[in-house]
Amino acid sequence: MRALHWLFTADCVKRNRENANCERNVMPRILLAEDDNDMRRFLVKALQNAGYDVAAFDNGLSAYNRLREEPFELLLTDIVMPEMDGIELARRATELDPDIKVMFITGFAAVALNPDSKAPKDAKVLSKPFHLRDLVNEVNRMIQQAA
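1. Description of the environment of glycine 86
Line of reasoning, step 1. The residue glycine 86 is located in helix H5 (residues 86-96) in this model.
Line of reasoning, step 2. Residue classification places glycine 86 among the buried positions, given a relative accessible area of 0%.
Line of reasoning, step 3. C-alpha of glycine 86 to C-alpha of methionine 103: the two residues are 17 residues apart in sequence and 9.7 Å apart in space.
Line of reasoning, step 4. Those residues in contact with glycine 86 that sit more than four places away from it in its chain are Thr77, Asp78, Ile79, Met81 and Phe104.

And the structure:
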């Protein structure tokens, strides 16, 4: 699935982004799962301003269902959420796409770092509260590593 996405993206770049579909797919895609409405809106705005295409959901299950439909370069998720927590979402996401990068944004960093949590081993953790600049810088690093 990821290979097809990258081929389509490369083709769009080659054709100088001739249509709106290509323009949307050239931007790195982030799947955001955050149950706090204000925080989710805040993060979406910051990431869009940084040039990312963001699909945002208020629970892990909805985010997972979207991930099953289309590829993303990065999963940015809270840990404590209704329906499916962020650790389970990250575990399932990396099963679907082993290349997806994962970052947890949480007030429960110790839970994400716990070896028994089954969180992806190379996931990053950004503890709340954080500065938007720090979030965007870390997202930039992770996306560049994926390229």
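2. Some thoughts on the side chain of threonine 77
Line of reasoning, step 1. Here threonine 77 lies in strand E3 (residues 74-77).
Line of reasoning, step 2. Once you skip the residues sitting within four places of it in the chain, threonine 77 turns out to touch Ala33, Gly86, Leu89, Met103, Phe104 and Ile105.

3. A closer look at the packing of helix H4 (residues 60-69) against H5
Line of reasoning, step 1. Look at H4 against H5: their axes get within 10 Å of each other, and the N-to-C directions meet at 5°. Here H4 lies roughly parallel to H5, going by the angle between them. Two secondary-structure elements touch here, H4 through Gly60, Ala63, Tyr64, Leu67 and Arg68 and H5 through Leu89, Arg92, Ala93 and Leu96.

Reading guide: rules and limits
- Residues numbered from 1 in each chain as written.
- Predicted model: local features only at pLDDT ≥ 70, side-chain atom pairs only at ≥ 80, totals over all residues.
- Heavy atoms only, no water.
- Helix = DSSP H or I, 4+ residues; strand = E, 2+ residues; numbered from the N terminus.
- Buried < 20%, exposed > 50% of the residue type's maximum accessible area, 1.4 Å probe, protein only.
- Contact = heavy atoms within 4.5 Å.
- Axes fitted to C-alpha atoms, helices over the stretch in contact; angles between N-to-C directions.
- Parallel < 35°, antiparallel > 145°, perpendicular 65-115°, else oblique.

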